[in-house]
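Geometric and topological summary
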Amino acid sequence: GTMGSLMQQARAEFDAVKGTPELEALKAYVTAPGTAGGARQSETTVLLTITHCNLGARFLELRFDLHSSIDNVKSKLYQHTGTAPQSMVLQLKDPSGALMCVMDDGARPLGFYSPLDGYVLHVIDTDPHSLSARGGLEDVSQVEKYVMSDDDYNNRENTYRKFKEEKLRKDPTWTLQKEMAERRGVPVPEPTDPDAYVEEAKACTVDSRCEVSPGGKRGDVRFVGKDLKGMPPGWWIGVQYDEPVGKNDGSVKGERYFECPQGYGGFIRPDKVQCGDFPNLDDELFASDDDEI
């Protein structure tokens, strides 16, 4: 039958080249000792630099299998360039840019055109309406920008502007740096100036009522000073809180600055302390009007 005659023809062709120097050299190369079980693996891939007629940027170097058909190569390039395979002309160039050939037979394997590592695969896009034409993929000035009006922005919930206003209302010293440090769980860098917070400290006097932020904790100012033992430089305010929300009893690092019950004392930077008419919250809660029985 037809199959039998084809097999005979193939055998005759093989017999014709058997023993030729070329075939013996190929056999010696493939069976030479190597890393893969004693037989050398033939290199079946090639690393090519991709360029494009409509794009100024040089693409990543891409690795291709030499057994891939030119049609498959075009499909792979389509993913990277946006040029449709049917609108693609492929040129193979050597590293200097000299044209070697045009790969115009989609059914042939890439290896047929004998590309080497470092060769350039240049893509020509024949579609005048291609997205890449006239810099459509690279020129951002061609992209229409959306601009939101101030009114639209202000009408939105949860904007950064509102977030910032709310934070500053609760803590006038709030900064984005502090916020990010707190979220990361890292301390905000302390100042190194020995007179840090001196202006804020002037607004605080011993025995004044005060409110400490954040949290609106109230208490009495018991100490105003600087150079606290073991503490960062600058001025500090010692507060005796109305509730046991503090961290000490008026002493820090073994040095006493005022006396109060354990857990009622704290040392705070002056920018967190506001002095003024801040009654004890319990007193406010239980204060009675004259006309109440």
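As shown above, the structure is provided for reference.
Residues numbered from 1 in each chain as written. Predicted model: local features only at pLDDT ≥ 70, side-chain atom pairs only at ≥ 80, totals over all residues. Heavy atoms only, no water.

1. Regarding the nonpolar core
When a protein is soluble and globular, its nonpolar side chains tend to lie buried together. By size, the foremost hydrophobic cluster in this structure holds 18 residues, and its most contacted members are Phe64, Leu77, Leu110 and Leu121. Of all the secondary-structure elements, those providing two or more residues to this core are β1 (45-52), β2 (61-65), α3 (70-81), β3 (88-93) and β5 (120-125). Apart from the residues lying within four places of it in its own chain, the contact partners of leucine 110 are Val46, Leu48, Phe64, Asp65, Leu66, Ser68, Ile70, Val73, Met103 and Pro115. Among the nonpolar cores identified, the runner-up in size contains nine residues, and Cys204, Cys210, Val212 and Val273 belong to it. (Core = buried A, V, L, I, M, F, W, Y, C linked by side-chain atoms within 4.5 Å. Buried < 20%, exposed > 50% of the residue type's maximum accessible area, 1.4 Å probe, protein only. Helix = DSSP H or I, 4+ residues; strand = E, 2+ residues; numbered from the N terminus. Contact = heavy atoms within 4.5 Å.)

2. A closer look at the sheet that holds β3
Strands in a sheet are paired, the pairing made by backbone hydrogen bonds, and the direction either parallel or antiparallel. Taken together, the five strands give an open sheet; going across it, the order is β2-β1-β5-β3-β4, and neighbouring strands pair in mixed fashion. What marks the edges here is a single partner per strand, and that holds for β2 and β4 (99-103). When the angles between neighbouring strand axes are averaged without regard to direction, this sheet yields 35 degrees. Summarising the sheet, β3 and β4 pair through four bridges and their orientation is antiparallel. Along β4, the bridge assignment pairs leucine 92 with cysteine 101. On the sheet, α3 packs against β1, β2, β3, β4 and β5 and is oriented at approximately 100 degrees with respect to β3. (Pairing = 2+ DSSP bridges. Axes fitted to C-alpha atoms, helices over the stretch in contact; angles between N-to-C directions.)

3. Structural notes on the packing of aromatic side chains
A complete count under the given rule lists five aromatic pairs for this structure. Summarising the aromatic geometry, the rings of phenylalanine 112 and tyrosine 113 are spaced 5.1 Å apart at their centres and angled 90 degrees between planes, so their arrangement reads as edge-to-face. For phenylalanine 112, a relative accessible area of 45% gives the class partly exposed. Accessibility expressed as a relative area gives 12% for tyrosine 113, which makes it buried. Clustering of aromatic rings is evident, with ring pairs tying together Phe223, Tyr257, Phe258 and Phe267. (Phe/Tyr/Trp six-rings, centres within 6.5 Å; stacked < 30°, edge-to-face > 60°.)

4. What about the side chain of threonine 81?
Tracing the chain through its elements places threonine 81 in helix α3. A distance of 3.2 Å separates a polar atom in the side chain of threonine 81 from the backbone nitrogen of threonine 83. (Polar contact = N/O pair within 3.5 Å; in protein donor to acceptor, adjacent residues only side chain to side chain.)

5. Looking at unusual backbone geometry
Here the residue pair serine 213 and proline 214 is connected by a cis peptide bond, since its omega of -5 degrees sits within 30 degrees of zero. As for its placement among the helices and strands, proline 214 is situated in the loop between β6 (209-212) and β7 (217-226). If you check the backbone angles, aspartate 207 has positive phi at about 80 degrees while not being a glycine. With a relative accessible area of 61%, aspartate 207 lands in the exposed category.

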